[in-house]
Amino acid sequence: MTGSLTGPLVEIRKVSHSFGRYKALDEVSLNVEPGSYTVLLGPSGSGKTTLLSTLGGFVHPTEGSVFIRGNDCTAVPPARRPTATVFQDYALFPHYSVGNNVGFGLRMRGVPRTKRIGRARDALAMVGLADAFNKMPHQLSGGQRQRVALARALVVEPAVLLLDEPLGALDLKLRRQMQDELKALQKRVGTAFIHVTHDQEEAMALADHCVVMNHGRIEDQGPPERVYSRPASRFSATFMGESTLLSGKVQNLGMDEISIETQVGPVSVEAAGEPGFDVSLAIRPEHIMLEPHGASVSLGEAKVTDVVFQGSFKRVSAVSIKNPEVTFIAKVRSNQPVGVGDLVELHAAPTDMVLLSH
Amino acid sequence: MRIAARILVSAYALAIYGFIFLPVVVLVLFSLQATSFPIPPFTGPSLRWYQAVLADQRLTSALFNSVLVALLSSLVAVALGFLAAWGFARYHLPRSWLLRGLITLPLTVSYLIIGMGILILFNAIGVPKSLIAAGIGHVVINLPLCFAIIYSQMGEHQVNIERAARDLGASEWKVLFLVSVPVLWPAIFASFFLSMTFSWDEFVIAFLLTRFDTTLPVEIWNMLRSGLNPRTNAVGSLVFGVSIVLALLLELVFLRRNRQ
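Please read these numbers as outputs of a predicted model, since none were measured by experiment. (Residues numbered from 1 in each chain as written. Chains lettered and ligands numbered in written order. Predicted model: local features only at pLDDT ≥ 70, side-chain atom pairs only at ≥ 80, totals over all residues.)

**A short note on the overall build of chain B**
Applied cut-off: Working definition: helices are DSSP H or I runs of at least four residues, strands are E runs of at least two. Numbering for both runs from the N terminus. In this scheme every C-beta is placed from the backbone, and a residue whose C-beta has 20 or more other C-beta atoms within 10 Å is buried, one with 12 or fewer is exposed, and one in between is partly exposed. Residue pairs qualify as contacts under a 7 Å threshold applied to their C-beta atoms, which are placed from the backbone.
Scanning chain B from terminus to terminus reveals 12 helices and zero strands. For chain B, the succession of helices and strands along the chain, N to C, is α-α-α-α-α-α-α-α-α-α-α-α. Counting only C-alpha atoms, chain B reaches 70 × 65 × 30 Å along its principal axes. Out of the 260 residues in chain B, the part that is buried amounts to 34%. Pairs at least 24 residues apart make up 73% of the contacts formed inside chain B by residues separated by at least 6 positions.

Here it is as structure tokens:
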């Protein structure tokens, strides 16, 4: 392979793609570092699967280019790309044994039979299915098929492994289990993984680099901790975990802080901004409290409309008295006495509020 | 009341099956006749007429011709039908529904019209009557059937299987022969045997398009012109036997498929 050794492993430059009149991708740029686990997170129709398909070569973007290991791969067919895909429905060959499924890619590369069998066995052992070599795909459970699909894609030693909602067809318990295994597997083989999902918990658990997509654009990207604690847009504040959003206008400029006239009253936060600007404040549920604490400010009174007990905490929904358009979502200790219909005063620390421009 | 209904239903079923199968039973029975006329009383069983059939060179060569035409025309029909179905299922064509309709249209046209059409066309362009001409006719009638059967079995999930093969480095030919054909094997097999069955006992087109070398149904028709004879019963029974075997093979393929 030629190409630069220092640049990113995958570089997507201003890629746009349209299906007829529908714009599935709108000037998307993304870099993927070697050995990283990147998760593309977004609702259906956000373009995440189309983006993955442009990497796999199943979609040729109408504009922009895709570089893998420094080589322009924009128009290269899937067979000649250094990528391998794990499909959502696994797409195992039903007429081949598990061993022949895993060995297929090596067979296409002209690897001799005995060597092929050895490497297929190694790949199956790696995903914990050493004894499934002679079985047929229909004899396996969903989770096992998933592992075979992983082994089949990894055995050809791709530069990037593409996973299209790989856990979508599994039940919740198995999904969480496979999630841990995927992460461990990625650390072990060191291949860069790009994983598409609409499950934000999955994204937070797996990603080194989390890419939040909506309407064919990247809304936010970065380490999941950063995307969660300091979301860059209203969308990522509500899609990657819940948030209460307060919209308002910037009022006064202080030394390091600005005052914002929100739907529920004025709030001062440490930030820079220009007066008259429309902004939003996003507050995570765990940062909204029922009593004042340290430097917290009051968000006004609210009427509790819903309390859901979730084991370690209670999820409380409350409608602001001052502005009924605002619904606060708070996570409180499960032993906190609060019930539907209670009138409560809500508090949050300004440092826990994230200022978002529109 | 209930007993009366049951008797009535049984009688009705018996009448239907009798209506369908009695002629065949009579045909097979009198093919075993020992004397020269296939009429009661039954004088057999004897295999002398089967011996006569197998000793008759015209009949055995017609039998051979029929097998040849059925095999080759079915192979061509399945190959063309498969490729057409694959093209329609995998690529977006403008007016796809119209083109698909046009491919399946010959299913609704009578064999007589198709045979006459081919005859007139071949006459005009100077193609002589032959087994090849009859074979082409059989491709025309069987291709729509093969296309319809195979196309109906090409689901969306196979698209990803083919993609996976390409993703792992397979060329288009390898995708076709290592993945698409094996995955669709039951449908391909079924349409092949159905084509064989239809070609095997097709009369009108073969009659119109062959001259010296003919297929078995045409030869049987020739025999019938000189009157009834247990030989015709014997050869008819053979034809029926082969059809049954083909139908059973077809059934086996589908049954195996449904159990999976």
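Alright, that's what it looks like, and here's the rest.
**Things to note about the nonpolar core**
Heads up, the condition is: A set of buried residues qualifies as a nonpolar core if it consists of Ala, Val, Leu, Ile, Met, Phe, Trp, Tyr and Cys joined through C-beta atoms within 7 Å.
Judged by nonpolar contacts, the single largest core of 111 residues is most densely connected at A:Ala151, A:Val160, A:Ile194 and B:Ile150. Beyond its immediate stretch of four places on either side in the chain, A:Val160 contacts A:Leu9, A:Val10, A:Val32, A:Leu55, A:Ile68, A:Thr83, A:Ala192 and A:Ile194. With 29 residues, the next largest nonpolar core counts A:Ala237, A:Ile288, A:Met289 and A:Leu346 among its residues.

**Examining the interface of chain A and chain B**
Rules: Three categories are distinguished: nonpolar for Ala, Val, Leu, Ile, Met, Phe, Trp, Tyr, Cys and Pro, charged for Asp, Glu, Lys and Arg, and polar for the others, with Gly belonging to the last.
Between chain A and chain B, the contact holds 17 residues from the first and 15 residues from the second. Going through the elements one at a time, β6 (83–86) and α2 (98–108) of chain A are the ones with two or more residues in the side of chain A that touches chain B. The dominant element in the side of chain A that touches chain B, judged by the number of residues it contributes, is α2(A), at three residues. Class assignment for the residues of the side of chain A that touches chain B results in 11 nonpolar, four polar and two charged.

**Here we look at the pairing of strand β1 (residues 10–19) of chain A**
Across a regular strand the side chains alternate sides, sitting on one face of the sheet and then on the other. Residue and element names in this part refer to chain A. What counts, and what does not: Here, any two strands with at least 2 DSSP bridges between them count as paired.
Both β1 and strand β4 (residues 63–68) contribute to a ladder of five bridges, which runs antiparallel. Opposite Ile12, over in β4, you have Val66 as the bridge partner. As paired elements, β1 and strand β2 (residues 22–32) share seven bridges and run antiparallel to each other. Pairing of Phe19 across the sheet is with Tyr22, part of β2. In sequence, β1 turns back onto β2 through a hairpin of two residues, with Gly20 there showing a positive phi of about 60°.

**Focus: the confidence of the model for chain B**
Cut-off, in case you're wondering: Predictor confidence is given residue by residue as pLDDT, running from a minimum of 0 to a maximum of 100.
When the pLDDT values of chain B are averaged, the result is 86; 97% of them are 70 or greater. As scored by the predictor, the complex reaches a pTM of 0.78 and an ipTM of 0.79.

**Observations regarding the domain arrangement of chain A**
All names here are of chain A. Basically, it comes down to this: The domain limits used here are those given by an automatic or database domain assignment.
According to the domain assignment, chain A contains domain 1 (10–238) and domain 2 (242–357). If you average the C-alpha positions of domain 1 and of domain 2, the two centres end up 38 Å apart. With six residues of domain 1 in contact, the opposing surface of domain 2 contributes seven residues. Considered class by class, the residues forming the side of domain 1 that touches domain 2 number two nonpolar, two polar and two charged.

**Focus: unusual backbone geometry**
All names here are of chain A. Non-glycine residue Tyr90 carries a positive phi angle of around 70°. Positionally, Tyr90 belongs in the loop between β6 and α2. Using a count of 24 C-beta atoms within 10 Å as the deciding quantity, one classes Tyr90 as buried.

**Examining the sheet that holds β1(A)**
The four strands lie next to each other as β2-β1-β4-β5 (chain A), forming an open sheet whose pairing is antiparallel. Each of the sheet's edge strands pairs with one partner strand only, and the pair in question is β2 and β5 (71–72) of chain A.

**Quick look at the sheet that holds strand β19 (residues 353–357) of chain A**
Within a sheet, each strand pairs with its neighbour through backbone hydrogen bonds, oriented either parallel or antiparallel. Residues and elements named next belong to chain A. Defined as follows: An axis is simply a line fitted to the C-alpha atoms; with a helix, the fit covers only the stretch in contact. Between two such axes, the angle follows the N-to-C directions and lies from 0 to 180 degrees.
With respect to topology, five strands assemble into an open sheet ordered β13-β12-β11-β14-β19, the strand pairing being antiparallel. In this open sheet, the two edge strands, each paired with only one partner strand, are β13 (265–270) and β19. Across this sheet, the average inter-strand angle for adjacent strands is 40°, counted without regard to direction. Here strand β11 (residues 244–253) runs beside strand β14 (residues 278–283); their pairing, made up of six bridges, is antiparallel. Looking across to β14, one finds that Ser247 is bridged to Ser280.

**Section: the pairing of strand β8 (residues 192–197) of chain A**
All names here are of chain A. Rules: For the handedness criterion, the strands are oriented away from the viewer, and a crossover whose path from the first strand over the helix to the second runs clockwise is classed as right-handed.
Here β8 lies mainly inside the structure; six of its six residues are buried. Here β8 shows no split at all, with Ala192, Ile194 and Val196 on one side and Phe193, His195 and Thr197 on the other all buried. Bridging between strand β3 (residues 37–41) and β8 involves five bridges; their strand directions are parallel. Its bridge partner being in β8, Thr38 is matched across the sheet by Ile194. For the handedness criterion, the β-α-β arrangement of strand β7 (residues 160–164), helix α5 (residues 172–189) and β8 is classed as right-handed.

**Quick notes on the environment of B:Ala206**
Residue and element names in this part refer to chain B. Counting through the fold element by element, Ala206 comes out in helix α10 (residues 204–209). By C-beta crowding, Ala206 is classed as buried, having 29 other C-beta atoms within 10 Å. Along the sequence, Ala206 and Val218 sit 12 residues apart, while their C-alpha atoms lie 6.9 Å from each other. Apart from the residues lying within four places of it in its own chain, the contact partners of Ala206 are Ala134, Thr214, Thr215, Pro217 and Val218.

**Remarks on the packing of helix α5 (residues 111–125) of chain B against helix α6 (residues 131–152) of chain B**
All names here are of chain B. Heads up, the rule is: Each angle receives one of four descriptions, namely roughly parallel if under 35 degrees, roughly antiparallel if over 145, roughly perpendicular if within 65 to 115, and oblique otherwise. We call a crossing left-handed when the near helix sits turned anticlockwise from the far one by less than a right angle, and right-handed when that turn is clockwise.
Where α5 meets α6, the closest approach of the two axes is 10 Å, and the angle between their N-to-C directions is 135°. Regarding the angle of α5 to α6, the classification is oblique. Along this stretch, α5 crosses α6, giving a crossing that reads as right-handed. Together, Tyr111, Ile114, Gly115, Ile118 and Phe122 of α5 and Ala133, Ile136, Gly137, Val140 and Ile141 of α6 make up the contact between the two elements. Residues that form the contact of α5 with α6 fall into these classes: eight nonpolar, two polar and no charged.

**A few points about helix α1 (residues 2–31) of chain B**
Residue and element names in this part refer to chain B. Applied cut-off: What a helix should span is 1.5 Å times the count of its residues minus one. In this analysis the local bend is the angle between axes fitted, respectively, to the seven residues ending at and the seven residues starting at the residue.
Compared with an ideal rise of 1.5 Å per residue, which puts 30 residues at 44 Å, α1 spans 42 Å between its outermost C-alpha atoms and is within 8% of the ideal. At Phe21, α1 is deflected by roughly 45°, the largest bend along its length, and proline Pro23 occurs up to four residues later in sequence. Among the 30 residues in α1, two count as buried, and that is only a small part of the element.

**Some remarks on α2(A)**
Along α2(A), nine of the 11 residues are buried, which leaves the element largely enclosed by surrounding structure. Within α2(A), burial applies to A:Val98, A:Gly99, A:Asn101, A:Val102, A:Gly103, A:Phe104, A:Gly105, A:Leu106 and A:Met108. Where the residues of α2(A) are buried, they touch α3 (113–126) and α4 (142–154) of chain A together with α8 (172–183) of chain B. Two residues or fewer after α2(A) comes A:Gly110, characterised by a positive phi angle close to 75°.

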